[in-house]
Every structure is written in C-alpha cells, then in structure tokens.
Amino acid sequence: MVAGAGLFGLTVAERCARDLGLRVLVVERRDHIGGNAYSEVEPSTGIEVHRYGAHLFHTSNERVWEYVNQFTAFTDYRHRVFTIAGDRVYPMPINLATICAYFGRAMSPGEARALIAAQAGEVAHPANLEEKAISLVGRPLYEAFIRGYTAKQWQTDPRELPAEIITRLPMRYTFDDSYFADRYQGLPVGGYTAWLERMADHPLIEVRLGTDFAELGAAGNVPVVYTGPLDGYFGRAEGALGWRTLDFEFEVLAQGDFQGTSVMNYADEHVPYTRVHEFRHFHPERDYPGDRTVIAREYSRFAGPGDEPYYPIGTPTDRARLARYRELARAEKDVLFGGRLGTYTYLDMHMAIASALAMYGNRIRPRFLRQARV
Ligand code: FAD
Ligand code: UDP
C-alpha cells in the first residue's frame, strides 16, 4: 500500500507494479492524484494552471530524466524570473545584467566582481541568512532584492534564518539569466496531470481518492510506503513540525497579457504578495486565447492546523522533534517513510523521484525478491 499519490508515491507504485508485478493500492486524501505537482485547465480560458504553485521541471540526473521521459515528452521551456524593486524591473537571480542595471552603468565581469567584493567585505564569517546574503551580493543589492522578499516569504527576521536558504539562489557574473542551472529543463508537453495519470495507469495499480490513510484502520498485513506528514502518522505525539503555507489568489483577466512573463517577483516589503504567476507564458507553444489570461498572486504565511504544509521551517525545536520522529519511524515494522512530507525535507520533483527510485531499488525490490525466494 502507498499512502499519498504525489510524485514519490506514484514512482514507488509504478515500479512495484511494472517491475515486480505487485498489486498496489494507492490511497490519496485529496480528490486528485499528483500531489503538489497537480495542474488543471482553467475552464473559461483553457489555460493550464498549477493549483499548488508553479512547478518547473529541472534535473541533471540522467536516470531521473530517462525515467520521466517514459511518461511524457518535455517542451524546451527555460525558466526566467524578473523582479520589481521600486519602479524598475530587473532579472533574477542576480546576474551581470541585474548588477549593471541596478548601478546604472555597463560593467565587465571583473569590474562587477570588484565592486561587489568591496560591498560584501563587511561580513567576514556569515552566520545567518542576512550575513550570508551580504557576503555574496553586498549590502545595496541585499537591501534592494533580498531583504524585503525574504521578510515576506518567511515572516522571520533574516538574521534568524539559516544561511543555506539563500544559497539556493545562484549569483552570476555573466549575462546568463536562466533560473536553474540543470542540464535538462522543460514542462510536460501534455500537462502535468496527463504525465502523472500515465504513471498510475497500470492494471495492477488501484488509486483510491478521497481516502485518508489515518482513517483506514488496520492496513492489513501489507507493507506500506507512507508519504504523508511524518508527525501526523504518529498523532503528533512529539509535537507538531513547523511548516509554511502559501495562499494563491487566482484571477482571470480580460486581457491577453498581464506581465509579459511567467513569474514576476516583488522585492519591496510594502507589496503584500511575493510573486505573481501568469500561466499562459509557461506554454508559448500552445494556442491560448489572445484576449484573456490567468494569474495567481502568491502570499506566504505560517501554516496552522488544516493548512497545506509547503515549506519545512526547521527551527531548532523542529529539528529536535524530527530526530525523535525518525527514531519512531525506524522502529515501525514494514512501513517506509518517503517524500517531502514523510521526511520533512524540501524536495524538488527530480529529488522526490530520485529518492523514490532509490527506496525502490535499495529497500523494496530486495525485500520482495527475498520473499519470492523463500
Ligand atoms: P506531495 O506532492 O506533497 O504528495 C504527497 C501526497 O500525499 C499529497 O497528494 C497528499 O494529499 C497525500 N497525503 C498526505 N497525507 C495523506 C494521508 N494521511 N493519507 C492519504 N494521502 C495523504 N519542484 C520542482 O522540481 N520544481 C518546482 O518549480 C517546484 N515548485 C514548487 C512550488 C511550491 C509552492 C512547492 C510547495 C513545491 C514545489 N516543488 C517544485 C516541489 C514539488 O512539489 C515536490 O518535489 C513534490 O511535490 C514531492 O512529491 P511528494 O510525493 O513527496 O509530495
Ligand atoms: N529570494 C529573494 N528574492 C527573490 C527570490 C528569492 O530574496 O527575488 C530568497 C528568499 O529568501 C527565498 C530564497 O531566496 O526564500 C530561495 O528562493 P527560491 O526561488 O529558491 O524560493 P522558492 O521558489 O523555492 O520559493
């Protein structure tokens, strides 16, 4: 049995059915498969929208790339992001074009490096997000592009956030403005849901939607792969793990193009949302209407009970609780915990798939082959 029909659960189910010939029951508490990668067509425009936030596929992992291409082809979309600071627009992540535009003059890579090095020198041993960011981009660029955005995204003083968060964002002294550096990037040609449905489309896989694993009672004597929240599995016995959630405000507008690009960040703290997604720009190859468009404004806040958990926060209290839950999880007989909720880790899609393939290859397959021999 697999609890959760996100990319992790679907990868495990697909491998167990197709490679081992096992019958797999997938229970999913939502009314659709795909987890947070799910997308749907906005009915009045025909535009594919990502209900849980824009999802861009990217990987440098050959094995994952080969695996996903069995279920869908990918477009050649490369993600680019812009950010509005004050009344100007700049490319993001910070690259040579951002630096030249911000300081109002043409600079060579060497000149830009020297300028930023002089501005970044005030921090010798960065110990938190603010110090790390200043050490990478200098104080002026930090204040223009990072401080306000981070405050909105995390609602926590950047001096109390871990330095690693900012290292997810590259800093480049070239004019390369691609958001991701991975070798393979693109969007599923027929949409996310068609891709995810193809993974589940096997006579040995049964998907039961609207079914919460916790309400099933005894699962019977079957091995379980659980991809729901780790603390939820144990009834939050060690306390709740902290998450951030997002609110998406969707709107259909009577105009063909709202912002000219798929994602626009808003760096200033007084703008209440962090970014605006405009979904038509993810698929310029499609024949979408010229007079309407769909946007979503994204707001970030702490998750309360009942909110969708999106980003693990990972405070010291969370980490201490996580260690105790991991011990409980190890002691659980015939249950494997995986995916972003089941491990309380931020995972991109390719990472969720890679770790599901690893769990299948290292734990599940050997177990069933051993059983078959006995
Ligand atoms: P999920 O997709 O969360 O799936 C878990 C499933 O389990 C859900 O469907 C849930 O309903 C179900 N479930 C939970 N509890 C139970 C239960 N008790 N019983 C039954 N079912 C249960 N990755 C990228 O590669 N590129 C991106 O651009 C990108 N953008 C993102 C943007 C946002 C806002 C977020 C939050 C994530 C983004 N990701 C992106 C990450 C991506 O969503 C994850 O990699 C992926 O969702 C991981 O799959 P999963 O199966 O581990 O988890
Ligand atoms: N960030 C920022 N300004 C931006 C974009 C990102 O300060 O315009 C910071 C912010 O702290 C964010 C981190 O960089 O949490 C990582 O950004 P990323 O785009 O990876 O966030 P995600 O897309 O995962 O929400």
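The structure presented is a predicted model; accordingly, all values stated were derived computationally and were not measured.

We now examine the side chain of Thr-59. Relative to the helices and strands, Thr-59 is located in strand E5 (residues 57-59). Owing to a relative accessible area of 0%, Thr-59 belongs among the buried residues under this scheme. Side-chain polar atoms of Thr-59 contact the backbone nitrogen of Asn-61, separated by 3.0 Å. Look past the residues within four positions of Thr-59 in its chain and what remains in contact with it is Val-64, Trp-65, Asp-182, Arg-183, Tyr-184 and His-350.

Around ligand 2 sit 15 residues, and of these Thr-150, Trp-154, Arg-168, Tyr-179 and Asn-265 come closest. Here an oxygen atom of ligand 2 and a side-chain polar atom of Tyr-311 are 3.0 Å apart. With the chains in place, 94% of the 520 Å² that ligand 2 exposes on its own is no longer accessible. Of all the secondary structure elements, the ones that give two or more residues to the shell around ligand 2 are helix H6 (139-154) and helix H7 (164-167). Broken down by element, the shell around ligand 2 gets its largest block of residues, six residues, from H6. Tallied by class, residues from the shell around ligand 2 come to 10 nonpolar, three polar and two charged.

Looking now at the pairing of strand E2 (residues 24-27). Because side chains alternate across E2, one face comprises the buried residues Val-24 and Val-26, and the other comprises Leu-25 and Val-27, equally buried. Pairing geometry for strand E1 (residues 2-3) and E2, over two bridges, is parallel. Its bridge partner lying in E2, Val-2 is registered against Val-26. Each parallel crossover has a hand, and for E1 linked through helix H1 (residues 7-20) to E2 it is right-handed.

Looking now at the side chain of His-350. Its location among the elements puts His-350 in helix H12 (residues 349-373). When near neighbours in sequence (up to four residues on either side) are disregarded, His-350 contacts Phe-57, His-58, Thr-59 and Val-64.

As a further point, take the environment of Pro-162. Summarising the element assignment, Pro-162 is placed in the loop between H6 and H7. Sequence-wise, Pro-162 and Leu-129 are 33 residues apart; in three dimensions their C-alpha atoms are separated by 5.4 Å.

This part covers the domain arrangement of the protein chain. As assigned here, the protein chain comprises domain 1 (2-79 + 184-372) and domain 2 (94-165). Taken over C-alpha atoms, the centre of domain 1 sits 31 Å from the centre of domain 2. On the domain 2 side, the residues contacting the 16 residues of domain 1 number 10 residues. Of the roughly 1100 Å² buried between domain 1 and domain 2, counting both surfaces, carbon and sulfur atoms make up 52%. On inspection of domain 1 and its partner domain 2, the count reaches zero salt bridges. At the surface where domain 1 touches domain 2, the tally comes to 10 residue pairs in polar contact (both at pLDDT 80 or more). Taken together, the elements giving at least two residues each to the side of domain 1 that touches domain 2 come down to strand E12 (263-266), strand E14 (293-302) and strand E15 (311-312). Among the elements that line the side of domain 1 that touches domain 2, the one with the most residues is E14, at three residues.

About the thresholds
Residues numbered from 1 in each chain as written. Chains lettered and ligands numbered in written order. Predicted model: local features only at pLDDT ≥ 70, side-chain atom pairs only at ≥ 80, totals over all residues. Heavy atoms only, no water. Helix = DSSP H or I, 4+ residues; strand = E, 2+ residues; numbered from the N terminus. Buried < 20%, exposed > 50% of the residue type's maximum accessible area, 1.4 Å probe, protein only. Polar contact = N/O pair within 3.5 Å; in protein donor to acceptor, adjacent residues only side chain to side chain. Contact = heavy atoms within 4.5 Å. Near = heavy atom within 4 Å. Areas by Shrake-Rupley, 256 points an atom, 1.4 Å probe, with all protein chains shown as cover. Nonpolar A, V, L, I, M, F, W, Y, C, P; charged D, E, K, R; others polar. Pairing = 2+ DSSP bridges. Right-handed = clockwise from strand over helix to strand, strands pointing away. Domains from an automatic or database assignment. Buried area = accessible area lost by both parts, 1.4 Å probe. Salt bridge = Lys/Arg side-chain N within 4 Å of Asp/Glu carboxyl O.

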